[in-house]
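These are the residues of each chain, in order.
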Amino acid sequence: MQSDITLMASRDDDDTDFGVKVETRPKTKRPPLYKVLILNDDYTPMEFVVHVLERFFGLSHAQAFEIMLTVHKKGVAVVGVFSHEIAETKVALVMDFAQRHQHPLQCTMEKE
Ligand code: TYC
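One structure accompanies this document, and this report is about it. (Residues numbered from 1 in each chain as written. Predicted model: local features only at pLDDT ≥ 70, side-chain atom pairs only at ≥ 80, totals over all residues. Heavy atoms only, no water.)

**Comments concerning the packing of aromatic side chains**
- As enumerated under the stated definition, the model contains three aromatic pairs in all.
- Ring plane angle 10 degrees and centroid distance 5.4 Å describe the contact between Phe48 and Phe97, whose orientation is recorded as stacked. Placement of Phe48 in helix α1 (residues 46-57) and of Phe97 in helix α3 (residues 84-100) is noted, with a sequence separation of 49 residues between them. The residues Phe48 and Phe97 share a single accessibility class, namely buried.
- Each ring, one from Phe57 and one from Phe82, has its centre 6.2 Å from the other, and the planes form 40 degrees; the classification is tilted. Of the two residues, Phe57 sits in helix α1 while Phe82 sits in strand β4 (residues 76-82), which places them 25 residues apart along the sequence.
- Following the ring pairs from residue to residue traces out a cluster consisting of Phe48, Phe56 and Phe97. (Phe/Tyr/Trp six-rings, centres within 6.5 Å; stacked < 30°, edge-to-face > 60°. Helix = DSSP H or I, 4+ residues; strand = E, 2+ residues; numbered from the N terminus. Buried < 20%, exposed > 50% of the residue type's maximum accessible area, 1.4 Å probe, protein only.)

Given below as structure tokens:
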């Protein structure tokens with residue numbers, strides 16, 4: 001909360017009562033954002049990663065393929081930026097999906 005202090009003369013007849021008016025305006029803070037990352041490994045099939053990116057991050061096939069290749073070559077890539085709750089949900093969904101298919105794919109989040 002930020003306060004501005006304004007000195008104001010009162011409108012009394014004698015003009016002697018100088019008051020202090022404290023105006024407050026709520027300072028709207030943007031919520032922190034979180035990057036969701038996927039990590040490379042030697043075992044998860046490329047097509048599975050592409051499918052995950054399409055399914056959970058709404059990427060086109062071409063975008064998903066490109067990001068998968070980036071992860072494969074560089075080790076890690078950001079797949080999206082979200083609020084804490086959405087990022088947490090995506091990570092949990094991806095980890096659960098990978099585990100159910102017995103792939104070691106790792107998905108994590110970090111504060112932007
Ligand atoms: N490196 C994997 C392979 O050669 C493919 C892969 C890409 C795995 C991206 C995980 O996040 C990943 N089959």
